[in-house]
Amino acid sequence: MQKENPRYSRKHLMLIAFLSWLSMLGFDFFLHAGLLASLYVRPSPFLLPPLKAFQLIPVGYLSFLLLAILLIWLMFQLKIVGSRPGFIFGLRIGALAWGAFTLGLLSISTANIYLLIGWFLGQTVELAIAGAVIGNGFAQERLARLSVKVIVFFILCIIIAVTLQTLGLAPATRL
């Protein structure tokens, strides 16, 4: 009986999923609370009111977990290992998936074109980051160093977004 490769044990894959998801959450906070925040302050028939949107944030974050699992599954099947190959794969998947989603919304909704462009670019980068984390995780037997990097990245993204709001470079949404 062959011994299972520790890089592909259930525990290892679950930790990779968590780390990739955490990297997505950090970047997403930076993207929406920082870079794109000004696009959410104007009332829109397309967007929910701020309080309702805030209450539903966990649902949106669960969608990122599904995307992280999808990336893991695809990258595992395609044997994509390493940060750079993972980043490139995530970038391609992100561009295709979010490109299709953006074009679909453009064709049937009242979404602001700048918001759609911001979502397309931001979510594409988000999947590229997750792909890099997954690829790095696939290349390592131990995930301690990757865990530290992801946690630092997550904290930095939050600090930068809060700093942008504090300096008045990004509006803080009032609930």
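The following paragraphs examine the structure supplied in this document. Note that the structure is predicted; figures quoted are calculated from it, not measured.

## Things to note about the overall build of the protein chain
- Each helix and strand in the protein chain was counted, giving six helices and zero strands.
- Listing the helices and strands of the protein chain from first to last along the sequence gives α-α-α-α-α-α.
- In terms of overall size, the protein chain behaves like a compact globule, its C-alpha atoms giving a radius of gyration of 17 Å where 175 residues would be expected to give roughly 16 Å.
- Principal-axis analysis of the C-alpha atoms gives the protein chain an extent of 60 × 35 × 25 Å.
- By residue count, 38% of the 175 residues in the protein chain fall in the buried class.
- Between the centroid of the 13 positive side chains of the protein chain and the centroid of its 4 negative side chains there is a distance of 3 Å.

## With respect to a nonpolar patch on the surface
- Judged by side-chain polarity, Val-148, Ile-151, Val-152, Ile-155, Leu-156, Ile-159 and Ile-160 come together as a nonpolar surface patch covering roughly 590 Å² of accessible area.
- In this fold, Ile-159 is placed in helix H6 (residues 144-166).
- Among the residues examined, Ile-159 registers a relative accessible area of 45% and is labelled partly exposed.

## Some details on helix H5 (residues 113-139)
- End to end, H5 covers 39 Å across 27 residues, agreeing with the expected 39 Å (1.5 Å per residue, within 8%).
- Within H5, 20 of the 27 residues are buried, which leaves the element mostly enclosed by the surrounding structure.
- Capping the start of H5, Asn-112 holds a side-chain oxygen 2.6 Å from the backbone nitrogen of Tyr-114, two or three residues further along.

## Notes on the layout of surface pockets
- Empty space within the largest pocket amounts to approximately 1300 Å³.
- What lines the largest pocket is a set of 34 residues, and nearest its centre among them are His-32, Tyr-40, Ala-53, Phe-54 and Ile-57.
- At the level of secondary structure, the elements contributing two or more residues to the lining of the largest pocket comprise helix H1 (10-35), helix H2 (50-55), helix H3 (57-78), helix H4 (83-108) and H5.
- Per element, the largest residue contribution to the lining of the largest pocket is six residues, and it comes from H3.
- In the lining of the largest pocket, the residues fall into 24 nonpolar, seven polar and three charged.

## Here's the deal with the packing of H4 against H5
- Their axes nearest at 6 Å, the elements H4 and H5 cross at an angle of 155°. Taken together, the axes of H4 and H5 lie roughly antiparallel to each other. Relative to H5, H4 is oriented so that their crossing is right-handed.
- Of the residues contributing to the contact of H4 with H5, the split by class is 15 nonpolar, eleven polar and no charged.

Rules used throughout
- Residues numbered from 1 in each chain as written.
- Predicted model: local features only at pLDDT ≥ 70, side-chain atom pairs only at ≥ 80, totals over all residues.
- Heavy atoms only, no water.
- Helix = DSSP H or I, 4+ residues; strand = E, 2+ residues; numbered from the N terminus.
- Rg over C-alpha atoms; globule rule 2.2 N^0.38 Å.
- Buried < 20%, exposed > 50% of the residue type's maximum accessible area, 1.4 Å probe, protein only.
- Lys, Arg positive; Asp, Glu negative; His and termini not counted.
- Charge placed at Lys NZ, Arg CZ, Asp CG, Glu CD.
- Patch = residues over 30% accessible without salt bridge, like charges linked within 9 Å, V, L, I, M, F, W, Y side chains within 5 Å.
- Areas by Shrake-Rupley, 256 points an atom, 1.4 Å probe, with all protein chains shown as cover.
- Salt bridge = Lys/Arg side-chain N within 4 Å of Asp/Glu carboxyl O.
- Expected span 1.5 Å × (residues − 1).
- Polar contact = N/O pair within 3.5 Å; in protein donor to acceptor, adjacent residues only side chain to side chain.
- 1 Å grid on protein atoms, 1.4 Å probe; cavity = no way out; pocket = protein on both sides within 12 Å on 5 of 7 lines; lining within 4 Å.
- Points joined across faces, edges and corners; volume = space filled by probe spheres on them.
- Nonpolar A, V, L, I, M, F, W, Y, C, P; charged D, E, K, R; others polar.
- Axes fitted to C-alpha atoms, helices over the stretch in contact; angles between N-to-C directions.
- Parallel < 35°, antiparallel > 145°, perpendicular 65-115°, else oblique.
- Left-handed = near helix turned anticlockwise from the far one by under 90°.

All we've got here are geometric facts, nothing functional implied.
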